[in-house]
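Architecture at a glance
These are the residues of each chain, in order.
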Amino acid sequence: MKNHIFDTQTRFLRYVQIDTQSDPNSEAFPSTEKQKDLAKILVEELQEIGISDAHFDEFGYVYASIPANSTKSVPTICFCSHMDTSPDCSGANVKPIIHRHWNGEDIILPDDTSQIIKLSEHPDLAAQIGNDIITASGTTLLGADNKAGIAEIMAATAFLQKNPQIKHGTIKLLFTPDEEIGRGTDKVDLVKLGADFAYTIDGESLGTLEDETFSADGVSILIKGVSTHPGFAFGKLENAIKIAGDILSALPKDCLSPETTQNMEGFIHPTQISGIQEEVKLDFIIRDFNVAGLIEKEELLQNICKEIMTRYPHSHVDFRITEQYRNMKEILNQHPQVSEYAMQAIEMCGIKAEKRSIRGGTDGSRLSFMGLPCPNIFAGEHAFHSKLEWVSVEDMEKASQVIVNLVQIWEQNA
Ligand SMILES: [Zn+2]
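Predicted model only: the values in this text are computed from it and were never measured. (Residues numbered from 1 in each chain as written. Predicted model: local features only at pLDDT ≥ 70, side-chain atom pairs only at ≥ 80, totals over all residues. Heavy atoms only, no water.)

As for the environment of Leu-282
You can see Leu-282 is positioned in strand E13 (residues 279–288). The exposure class of Leu-282 is buried, given its relative accessible area of 1%. In the structure, Leu-282 is positioned 37 residues away from Phe-319 in sequence and 9.7 Å away in space, judged by C-alpha atoms. Residues in contact with Leu-282, not counting those within four places in the same chain, are Val-219, Ser-220, Ile-221, Ile-223, Ala-244, Ile-247, Leu-248, Gln-272 and Ile-273. (Helix = DSSP H or I, 4+ residues; strand = E, 2+ residues; numbered from the N terminus. Buried < 20%, exposed > 50% of the residue type's maximum accessible area, 1.4 Å probe, protein only. Contact = heavy atoms within 4.5 Å.)

Structural data, given as structure tokens:
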């Protein structure tokens, strides 16, 4: 038996067996009522360990506070994870399996033996030999994304309650619904939460801190051609479908697309086309790590349109840009201590801290721009949104330790 300071494992096994899949096609909030099943359990558990203000609201958000036990004036720190699981893979009747002291062999999932987790395909497994790995059974996802984060925050909370000698300021807990369908922050009440800074615990590899996301815009191009009966079209017809085709084929072929870029490169990406010869609408997403890069790509796209339209003198194009979200780094740069303290908290666990950027957005990017600066700390979740999802007990315990370290660092620096 290994010694466990944090009870992340038992909590995690309990949470993943509750189906909390969100539904992008639902107009309700939360999108699925069953997410509240987990909210209810979390509130009960928090009250049991003495967090008396724990509750969830009509939208399914769980709010709770750990009162300060320091006399210093310490900023209020929030830890946040999401309760829902991805609509991309079933989350019903999850049967978690613990592979104790994993020896590096392929993990064949028993309920569908074609589902095999291989060291060769999951490089992060190399560091897990000898650890206890948890997987699903082959027919569902596991839900480590993000129930690992929830278990880690809950275990750290229980630990702090039992160890009042550890000094900290006020700590806020926030568990959100519907993150996987992009609505995780839609109904959050930041005034009620009352935190100065926050951390989502929803990252992948041990030791990582993500403090940078894409900045994102949408572009929609509405093409109005000149429509005629095709039998009488000579010299008149300007077919919007062909104009759209010309614009698309003028996009760069060897760069600036999702399939030709990686790391810190951005892209222009058509996502939808609809229409008839009279009118066609093209939708794009534009991504870059900084706003100047976004503008550059939007100008390139606009110039392509202008150039193509010179061939169609009687047609018109309406080019519209909408802001989607912004790189959290713009905000985090104004509060460098938020990431610095997290890096220190990781290193205090004896692991290498590593900053990463996300080629996408997070709840943290939205929260940061809503006034709550919020980078993302690792939770240990891997191969998420799939039946091959896995997490190790050891990584989860390290994440709990990072939370405990982090609240002490904030207190010591106050
Ligand atoms: Zn997640």
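After that view of the structure, there is still more to cover.
Some thoughts on the nonpolar core
Core analysis: the biggest nonpolar cluster contains 67 residues, and Phe-12, Phe-79 and Tyr-199 have the highest contact counts within it. Excluding anything up to four places from it in sequence, Phe-79 contacts Ile-153, Ile-171, Lys-172, Leu-173, Leu-174, Tyr-199, Ile-201, Ile-403, Leu-406 and Val-407. Judged by nonpolar contacts, the second largest core, of 21 residues, contains Ile-247, Val-280, Leu-301 and Met-309. (Core = buried A, V, L, I, M, F, W, Y, C linked by side-chain atoms within 4.5 Å.)

Brief notes about helix H1 (residues 8–16)
Within H1, seven of the nine residues are buried, which leaves the element mostly enclosed by the surrounding structure. Listing the buried residues of H1 in full gives Thr-8, Gln-9, Arg-11, Phe-12, Leu-13, Tyr-15 and Val-16.

Details of the pairing of E13
Working note: regular strand, side chains alternate between the two faces of the sheet. Judged by how many residues are buried, E13 sits mostly within the fold: eight of ten residues are covered. Between the end of strand E12 (residues 267–275) and the start of E13, which pair antiparallel, lie three residues. (Pairing = 2+ DSSP bridges.)

Focus on the side chain of Glu-238
Here Glu-238 lies in the loop between strand E11 (215–224) and helix H5 (240–249). Buried charged residue Glu-238 carries no salt bridge. Nearest counter-charge: Arg-311, at 11 Å. Only 3.2 Å separates the side chain of Glu-238 from the backbone nitrogen of His-314, close enough to count as a polar contact. Separated by 2.5 Å, the side chains of Glu-238 and Ser-315 make a polar contact. Excluding its chain neighbours within four sequence positions, the residues that come into contact with Glu-238 are Gly-225, Val-226, Ile-243, Gln-277, Tyr-312, Pro-313, His-314 and Ser-315. (Lys, Arg positive; Asp, Glu negative; His and termini not counted. Salt bridge = Lys/Arg side-chain N within 4 Å of Asp/Glu carboxyl O. Polar contact = N/O pair within 3.5 Å; in protein donor to acceptor, adjacent residues only side chain to side chain.)

Remarks on the packing of aromatic side chains
Geometry of an aromatic ring pair is reported as the spacing of the ring centres plus the angle between the planes. What the rule picks out here adds up to nine aromatic pairs. When the ring of Phe-79 is compared with that of Tyr-199, the centres are 5.8 Å apart and the planes differ by 20°; the resulting orientation is stacked. Here Tyr-199 lies in strand E9 (residues 197–203) and Phe-79 lies in strand E3 (residues 77–82), a separation of 120 residues in the sequence. Here Phe-79 and Tyr-199 have matching classes, each one buried. Here Tyr-341 and Trp-410 contribute two aromatic rings whose centre-to-centre distance is 4.7 Å and whose plane-to-plane angle is 85°, an arrangement assigned as edge-to-face. Within this pair, whereas Tyr-341 is found in helix H8 (residues 336–347), its partner Trp-410 is found in helix H10 (residues 393–412), the two being separated by 69 residues in sequence. The exposure class assigned to Tyr-341 is buried, which follows from its relative accessible area of 12%. Overall, the relative accessible area of 4% leaves Trp-410 in the buried class. Every member of this aromatic cluster is reached through a ring pair, and the members are Phe-29, Phe-59, Tyr-61 and Tyr-63. Across from the ring centre of Phe-29, 5.9 Å away, lies the NZ or CZ of Lys-187, which sits over that ring. Directly above the ring of Tyr-63 sits Lys-192, whose terminal nitrogen or CZ lies 4.0 Å from the centroid. (Phe/Tyr/Trp six-rings, centres within 6.5 Å; stacked < 30°, edge-to-face > 60°. Lys NZ or Arg CZ within 6 Å of the ring centre and 35° of its normal.)

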